[in-house]
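A look at the structure
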Amino acid sequence: MQAILELSDIDYYYHTLSGETQALSHVSFTVHPGEFVAIVGPSGCGKSTLLSLITRLLTPSAGKIFFQGHPLKEEDTLHMGYMLQKDHLLEWRTIRRNVLLGLEIQKKITPKNLAYADLLLSTYGLAAFADKHPSELSGGMRQRAALIRTLVLQPELLLLDEPFSALDYQTRLHVSNDIGTIIKQEHKTAILVTHDLSEAISLGDRVIILSNRPGRIRSIVPIHFSDALSPMEKRNAKEFNEYFNLIWKEFEQNG
Ligand code: ADP
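A few points on the structure. Remember, predicted model here, so these are calculated numbers, not experimental data.

**Regarding helix α1 (residues 47–54)**
Among the eight residues that make up α1, seven are buried, leaving the element largely enclosed by the rest of the structure. Taken together, the buried positions of α1 are K47, T49, L50, L51, S52, L53 and I54.

Given below as structure tokens:
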């Protein structure tokens, strides 16, 4: 099966007046269709730099990035969807009109796409809130609306940049469970960047562990649970602690 994304031997250096900072060193990994890849690492190890390279905001200093088999190009970023820490919903628009925003901007308001937006709103429990404004929704519902706004554009690859870190602990557990379940149900391919090990293990099919700066891949851990479990259920499964201890050890000997 052809990879959606392949990073091959990526280095990245920031150049500033005070000198050169190497943010990433020899980073290589692939992401296949339908996979959920979680990237974890300490603060400052280059996680955001990695996403900026994938979205072409930055160009690698060395190495190559391929998207669906060809060298990554500008148009490919149109096939990527984003979920960030802030939901960036617009208060003056209703939830439905927020969800339609990307389609409007890309001039893709068609009967088929409108029907798909409504289907997603009803499947994921927001139909009754479609005419409300963002401030009338809970933090979790807002993140769900933000995800639906991205999904209506049918992205090939979802990029999640610490999407739950602004939420309090309890809400964070529920919202990450919700979002992880929706992404799997919609058969989407996703890359999650996080510093939260538990989040990475409960959501990821694979966890990529980065070292301290310059970020190198310490190890890649495939995650398998014997039963089909939701992200929340995985946190209570026996394999969870085993993965947590394994990955924690990698972190402890970080350097
Ligand atoms: P993370 O997202 O893992 O916290 P970043 O990708 O933001 O890490 O940053 C990686 C390293 O690169 C950091 O140690 C930071 O000091 C450095 N860095 C990030 N942005 C810049 C910049 N614009 N100029 C110089 N150095 C930078």
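**Some thoughts on the sheet that holds strand β10 (residues 217–222)**
Sheets are built from strands paired through backbone hydrogen bonds, the pairs being either parallel or antiparallel. In space, the six strands of this open sheet follow the order β6-β7-β8-β3-β9-β10, with mixed pairing throughout. Of all the strands in the sheet, the pair left with one neighbour each is β6 (80–83) and β10. With direction set aside, neighbouring strand axes in the sheet form an average angle of 15 degrees. When strand β7 (residues 157–161) meets strand β8 (residues 190–194), the two strands line up parallel, connected through four bridges. Each residue of the ladder has a partner; that of L159, found in β8, is I191.

**Quick word on the sheet that holds strand β4 (residues 62–67)**
Across the sheet, four strands lie side by side as β2-β1-β4-β5; this open sheet has antiparallel pairing. Every interior strand has two partners, whereas the edge strands, β2 (19–31) and β5 (70–71), have only one.

**Digging into the pairing of strand β3 (residues 36–40)**
Counting buried residues along β3, five of its five residues qualify, which places the element largely inside the surrounding structure. Burial along β3 is two-sided: F36, A38 and V40 and V37 and I39, pointing in opposite directions, are all buried. When β3 meets β8, the two strands line up parallel, connected through five bridges. Bridge pairing in β8 places V40 opposite T194.

**Quick word on the site of the ligand**
For the ligand, the full set of nearby residues is Y14, T16, A23, P42, S43, G44, C45, G46, K47, S48, T49 and R213. The fraction of the free accessible surface of the ligand (560 Å²) that becomes covered by protein chains is 64%. Looking at the shell around the ligand, the elements that each hand over two or more residues are β1 (5–16) and α1. Among the elements that make up the shell around the ligand, the one with the highest residue count is α1 (three residues).

**What to know about the side chain of T49**
By the secondary structure assignment, T49 is in helix α1. Side-chain polar atoms of T49 contact the side chain of Y14, separated by 2.8 Å.

**Considering the pattern of salt bridges**
According to the stated counting rule, one finds 11 salt bridges in the structure shown. Of the charged contacts in the structure, one is a salt bridge between E74 and R56, with a shortest N-O distance of 2.7 Å. Here R56 lies in the loop between α1 and β4 and E74 lies in the loop between β5 and β6, a separation of 18 residues in the sequence. By relative accessible area, R56 is classed as partly exposed at 35%. Here D205 and K184 are joined by a salt bridge, their closest N and O atoms 2.8 Å apart. Of this pair, D205 sits in the loop between α7 (197–203) and β9 (206–210) while K184 sits in helix α6 (residues 169–185), placing them 21 residues apart in sequence.

**Brief notes about the nonpolar core**
Soluble globular proteins: nonpolar side chains tend toward being buried together. With 47 residues, the main nonpolar core has L147, I148, L160, I179, I183, V207 and I247 as its most contacted residues. In terms of residues, this core owes the most to one element, helix α5 (residues 139–151), which gives five residues.

**Things to note about α6**
Taking 1.5 Å per residue, 17 residues should reach 24 Å; α6 reaches 24 Å between its end C-alpha atoms and fits that length. Regarding α6, the residues found buried are R172, L173, V175, S176, N177, I179, G180, I182 and I183.

**Looking at the packing of aromatic side chains**
Enumeration according to the criterion identifies three aromatic pairs in this entry. With a centroid separation of 6.2 Å and 15 degrees between ring planes, the pair formed by F244 and W248 is classed as stacked. Highlighted residues: F244 and W248, both in helix α9 (residues 238–252), separated by four residues, approximately one helical turn. Given a relative accessible area of 26%, F244 falls into the partly exposed group. A relative accessible area of 41% places W248 in the partly exposed class.

Rules used in this analysis
- Residues numbered from 1 in each chain as written.
- Predicted model: local features only at pLDDT ≥ 70, side-chain atom pairs only at ≥ 80, totals over all residues.
- Heavy atoms only, no water.
- Buried < 20%, exposed > 50% of the residue type's maximum accessible area, 1.4 Å probe, protein only.
- Helix = DSSP H or I, 4+ residues; strand = E, 2+ residues; numbered from the N terminus.
- Pairing = 2+ DSSP bridges.
- Axes fitted to C-alpha atoms, helices over the stretch in contact; angles between N-to-C directions.
- Near = heavy atom within 4 Å.
- Areas by Shrake-Rupley, 256 points an atom, 1.4 Å probe, with all protein chains shown as cover.
- Polar contact = N/O pair within 3.5 Å; in protein donor to acceptor, adjacent residues only side chain to side chain.
- Salt bridge = Lys/Arg side-chain N within 4 Å of Asp/Glu carboxyl O.
- Core = buried A, V, L, I, M, F, W, Y, C linked by side-chain atoms within 4.5 Å.
- Expected span 1.5 Å × (residues − 1).
- Phe/Tyr/Trp six-rings, centres within 6.5 Å; stacked < 30°, edge-to-face > 60°.

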